[in-house]
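In case you want the letters, here they are:
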Amino acid sequence: MLLSNLGRNVTVVVLGITINYINATMVHTFNKHHIFKSNPRFILFIHLLFNDVIQLTTSISLFIFTYAFNTIYVSVCCLLILPAIFTTQNTPLNIAFMAAECYIAVCIPLRYNYICTIKRTYIVIGLIWTMSSLSVLPDVFILLVTEPLEFLNSRVQCHRHTVFRSTYSLKKRDVSHILFLVVVWLTLFYTYFRILFVAKAAQADAKKARNTILLQGFQVLLCMMVYVQPILRQGLMYLFPANLRIIYFFIFIMNQILPRLVSPIIYGLRDKTFRKYFKRYLICTVTMNLHPTTTLKMLS
């Protein structure tokens, strides 16, 4: 049992470090080249990666703490779980705005430079965080109003439903999940079918955009499993009551790891220009300790 628990923790940590390393290298690639900084698509992409780094770091920390200590103080849990919830909510919203940007670039290219400016892109990023905050912060106020002070000093398993356990919070969570689910999927369906009609003219860019929307849909499908996580968890616990930790491990991999694993593939590695620069920095970083002189020449 101890070895299996250790194995699950090691698997989660290795996956998290690997994904964060790739994401950090992509962020470094973005910062080194102005051609990416002036492109709204890459700004949204890098925000998605930065968001994923925060999400993975906090969620993996929570995962390890749950195994190591089983329970932690509610006040400490809130500090850890709020960034994880914020960034988890951000991901599908970010993808929806990226799909909208793709639609504008393909379907109304003459107005692209007017609509998709750098300033408006950062406004969109602020809007994403605002929407996530409005979905989560009320839970904190409900917690402070409805729970006794002793609860904040008590120890619980650090999950959203165990900390924000008020009936109001649970109902609000379900409503916000349904709202986000509908808005994001309507955005993806609309942009995909509009781009699909344009792609029939056999334009290479339109076909690539259509495939990107399809991959975005797959990623959002993985992200949206967070919204059905309570139902999924209850169903699995009913079927396998003796395998609680395995259930949490399976749900964690499906909801938190896999969606962040596909982000660099969909948006970074599929772009030829970005892939060229990214491979240069990735190879230089890997070989730096082995051949420092050669690496410095490559960077210069």
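Residues numbered from 1 in each chain as written. Predicted model: local features only at pLDDT ≥ 70, side-chain atom pairs only at ≥ 80, totals over all residues. Heavy atoms only, no water.

Asker: Whenever I open this one, the overall build of the protein chain confuses me. Can you help?
Answerer: The helix and strand tally for the protein chain stands at 14 helices and two strands. Buried residues in the protein chain amount to 47% of all 300 residues. When contacts within the protein chain are restricted to residue pairs at least 6 apart in sequence, those whose partners lie at least 24 apart make up 78%. (Helix = DSSP H or I, 4+ residues; strand = E, 2+ residues; numbered from the N terminus. Buried < 20%, exposed > 50% of the residue type's maximum accessible area, 1.4 Å probe, protein only. Contact = heavy atoms within 4.5 Å.)

Asker: Got a minute to help me understand the nonpolar core in this structure?
Answerer: A general feature of soluble globular proteins is that nonpolar side chains tend to end up buried together. Membership of the largest hydrophobic core comes to 28 residues, with the highest contact counts inside it found for Phe45, Tyr267 and Phe274. Mapped onto this core, the elements with two or more residues apiece are helix 1 (2-32), helix 3 (40-69), helix 4 (74-107), helix 6 (118-146), helix 9 (167-199), helix 12 (244-269) and helix 13 (272-287). Grouped together as the second largest cluster of nonpolar side chains are 19 residues, Leu62, Val74, Val156 and Val163 included. (Core = buried A, V, L, I, M, F, W, Y, C linked by side-chain atoms within 4.5 Å.)

Asker: Would you take a moment to explain the confidence of the model for the protein chain for this structure?
Answerer: Looking at the protein chain, pLDDT values average 80 and 86% of them are 70 or higher. The secondary structure element of the protein chain with the lowest average pLDDT is helix 14 (residues 292-299), at 49, and the one with the highest is helix 6, at 91. (pLDDT = per-residue confidence, 0-100.)

Asker: What is the right way to look at the state of the cysteines in this model?
Answerer: Going through the model one piece at a time under the given rule, you end up with one disulfide. A sulfur-sulfur separation of 1.9 Å characterises the disulfide bridge that pairs Cys77 with Cys158. Here Cys77 and Cys158 share a disulfide; its torsion about the S-S bond, 95°, makes the bridge right-handed. Taken together, the residues span a long stretch of sequence, with Cys77 in helix 4 and Cys158 in the loop between strand 2 (155-156) and helix 8 (160-163) at a distance of 81 residues. Taking the relative accessible area as the measure of exposure, Cys77 reaches 0% and is therefore buried. Taking relative accessible area as the criterion, Cys158 reaches 6% and is therefore assigned buried. Here Cys102 stays unpaired: no disulfide links it, and the sulfur of Cys107, its closest cysteine neighbor, is 8.4 Å away. (Disulfide = S-S within 2.5 Å.)

Asker: Would you take a moment to explain the packing of aromatic side chains for this structure?
Answerer: The final tally for this structure, using the stated rule, is nine aromatic pairs. Plain terms: the ring middles of Phe45 and Phe274 are 5.6 Å apart, the flat faces sit at 85° to each other, and that makes the pair edge-to-face. A residue pair is termed long-range when its members are at least 10 positions apart, and Phe45 in helix 3 and Phe274 in helix 13 qualify at 229 residues. In this pair, the class of Phe45 matches that of Phe274, namely buried. Centre to centre, the rings of Phe63 and Phe252 are 4.7 Å apart; their planes meet at 35°, and the pair counts as tilted. On the criterion of sequence distance, the pair formed by Phe63 in helix 3 and Phe252 in helix 12 is long-range, its members being 189 residues apart. Overall, Phe63 belongs to the buried group, its relative accessible area being 7%. For the cation-ring pair, Arg120 lies above Tyr114, with the distance from its terminal atom to the ring centre recorded as 5.0 Å. (Phe/Tyr/Trp six-rings, centres within 6.5 Å; stacked < 30°, edge-to-face > 60°. Lys NZ or Arg CZ within 6 Å of the ring centre and 35° of its normal.)

Asker: Just to check I follow, could you spell out the pattern of salt bridges for this structure?
Answerer: Charged atoms that come close allow side chains of opposite charge to pair. Per the stated rule, a full pass over the model turns up six salt bridges. The salt bridge partner of Arg260 is Asp52, with a shortest N-O separation of 3.4 Å. Taken together, the positions of Arg260 in helix 12 and Asp52 in helix 3 put the pair 208 residues apart, joining distant regions of the chain. The pair Arg260 / Asp52 is uniform in exposure class, with both members buried. The partner of Arg160 in a salt bridge is Asp139, and the shortest N-O contact between them spans 3.0 Å. Placement of Arg160 in helix 8 and of Asp139 in helix 6 is noted, with a sequence separation of 21 residues between them. According to the relative accessible area criterion, Arg160 is buried, its value standing at 15%. (Salt bridge = Lys/Arg side-chain N within 4 Å of Asp/Glu carboxyl O.)

Asker: What is the right way to look at the packing of helix 4 against helix 6 in this model?
Answerer: What describes two packed helices is the angle between their axes and the distance between those same axes. Put simply, helix 4 and helix 6 touch, their axes get as near as 9 Å, and they point 145° apart. Crossing of helix 4 against helix 6: the hand is right-handed. Within the contact between the two elements, helix 4 uses Cys78, Leu82, Ile85, Phe86, Thr87, Gln89, Asn90, Leu93, Asn94 and Phe97 and helix 6 uses Val124, Leu127, Ile128, Trp129, Met131, Ser132, Ser133, Ser135, Val136, Leu137, Val140 and Leu143. When its residues are assigned to classes, the contact of helix 4 with helix 6 shows 15 nonpolar, seven polar and no charged. (Axes fitted to C-alpha atoms, helices over the stretch in contact; angles between N-to-C directions. Left-handed = near helix turned anticlockwise from the far one by under 90°. Nonpolar A, V, L, I, M, F, W, Y, C, P; charged D, E, K, R; others polar.)

Asker: Explain the environment of Phe197 here, please?
Answerer: If you trace the backbone, Phe197 turns up in helix 9. Sequence-wise, Phe197 and Cys107 are 90 residues apart; in three dimensions their C-alpha atoms are separated by 9.3 Å.

Asker: Hey, could you run me through helix 12 in this one?
Answerer: Because each turn of an α-helix spans 3.6 residues, side chains separated by three or four positions in sequence point in the same direction. The terminal C-alpha atoms of helix 12 lie 37 Å apart, and with 26 residues this matches the ideal 38 Å at 1.5 Å per residue to within 8%. Residue Ile257 marks the point of greatest curvature in helix 12, where the axis turns by about 35°; the proline Pro259 follows within four residues. (Expected span 1.5 Å × (residues − 1). Bend = angle between axes of the 7 residues up to and from the residue.)

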